[in-house]
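Examining the three-dimensional arrangement
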Amino acid sequence: MSQPSVTILDYGSGNLRSAQRALEHVGAEVTVTSDRGAATECDGLLVPGVGAYAACMAGFTDVGGPQVVGRRLAGGRPVLGICVGMQIMFDAGVEFGVQTQGCGEWPGTVTRLDAPVLPHMGWNTVETPAESVLFDGIGSDERFYFVHSYAAQTWELGTEATSPIAAAKLTWATHGSRFLAAVENGALAATQFHPEKSGDVGLALLANWCRSLS
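Quick caveat: nothing in here was measured; it's all calculated off a predicted structure.

Before going further, it helps to spend a moment on the UniProt feature "active site" (unreviewed entry) in the protein chain. Under the feature "active site" (unreviewed entry), the UniProt entry names C83, H194 and E196. These annotated residues cover 114 residues of sequence, and their C-alpha atoms lie no more than 10.9 Å from one another, placing them together at a single site. Among the secondary structure elements, H194 is positioned in the loop between β13 (188-191) and α6 (199-211). Taking relative accessible area as the criterion, H194 reaches 4% and is therefore assigned buried. Setting aside its immediate chain neighbours within four residues, H194 contacts N15, G49, V50, I82, C83, Y145 and V147. By secondary structure assignment, the location of E196 is in the loop between β13 and α6.

Dropping the structure here:
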């Protein structure tokens, strides 16, 4: 099988090199660039994100990220968001009382976790759905690495059980409050945790995503 081509969108935010190394380790041919053409034409697009929602969204908008993601999803071409790269796929994010518009690919607003200790930093287990592509072969006791204080805490599109038209596979985690740790919704998938910093189990997840690109 040929190597899938993956573009990591460089918009000034994210663990670009660690994500690149992880993807290359699992067999992807990786390009790190802000070029819209490369981001549109590759087999898989990875959208990283670290830091404040508003700053990430500003950088993402500057490189035409919302348009690239929209075009890819219109054609059923896979996109994977990581951390704030997941959060900006929702309608909006609220930080320090300021609401910032997101990409709007998913309805809902990213808000601060209700937890005694923030940020949520370190390893945590997740509750995975049946027949997940990302978590295929990954045990329920495995832990992933999180660094965040905000997350999507509700899902408004429906799931397989309630809305086959808007089927989605949801993975949850808990830190004070329950939040979405990952979403698989057609060609758009995302994780709140950092698979590129989650050791062997994170590599297994990225390998699963790369296999789905063929």
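It is characteristic of soluble globular proteins that their nonpolar side chains tend to be buried jointly. Residues L23, L45, V47, F60, F135, F144 and L180 are the most contacted members of the largest nonpolar core, which totals 65 residues. Considering every element that reaches this core, the biggest residue donor is α6, with 6 residues. Every residue in contact with L45, bar those within four places of it in the chain, is listed here: T7, L9, A39, V68, V69, R72, P78, V79, L80 and W209.

A few words now on the pairing of strand β7 (residues 106-112). Sheet analysis places strand β5 (residues 90-95) next to β7, joined by 3 bridges and oriented parallel. Residue F90 lies in a different strand from β7, and its bridge partner there is W106. Note that β7 and strand β10 (residues 150-152) share 3 bridges and pair antiparallel. Residue pairing for β10: R112 is matched across the bridge by Y150.

Spatial ordering of the open sheet is given by β6-β5-β7-β10, a layout of 4 strands whose pairing is mixed. The two strands at the open ends of the sheet, each matched to only one other strand, are β6 (98-101) and β10. Averaged over neighbouring strand pairs, the angle between their axes works out to 20° when direction is ignored.

What follows deals with the packing of aromatic side chains. Tallied over the entire structure, the rule returns 10 aromatic pairs. Both rings, one in W106 and one in W155, keep their centres 5.4 Å apart while their planes meet at 70°; by these two values the pair is edge-to-face. Here W155 lies in the loop between β10 and β11 (169-175) and W106 lies in strand β7, a separation of 49 residues in the sequence. The pair formed by W106 and W155 is uniform in burial state, with each residue classed as buried. Ring plane angle 85° and centroid distance 5.6 Å describe the contact between F135 and F144, whose orientation is recorded as edge-to-face. Judged by relative accessible area, F144 falls into the buried class, the value being 1%.

So, how was this worked out
Residues numbered from 1 in each chain as written. Predicted model: local features only at pLDDT ≥ 70, side-chain atom pairs only at ≥ 80, totals over all residues. Heavy atoms only, no water. UniProt positions renumbered as here; feature names shortened; annotations may be inferred. Helix = DSSP H or I, 4+ residues; strand = E, 2+ residues; numbered from the N terminus. Buried < 20%, exposed > 50% of the residue type's maximum accessible area, 1.4 Å probe, protein only. Contact = heavy atoms within 4.5 Å. Core = buried A, V, L, I, M, F, W, Y, C linked by side-chain atoms within 4.5 Å. Pairing = 2+ DSSP bridges. Axes fitted to C-alpha atoms, helices over the stretch in contact; angles between N-to-C directions. Phe/Tyr/Trp six-rings, centres within 6.5 Å; stacked < 30°, edge-to-face > 60°.

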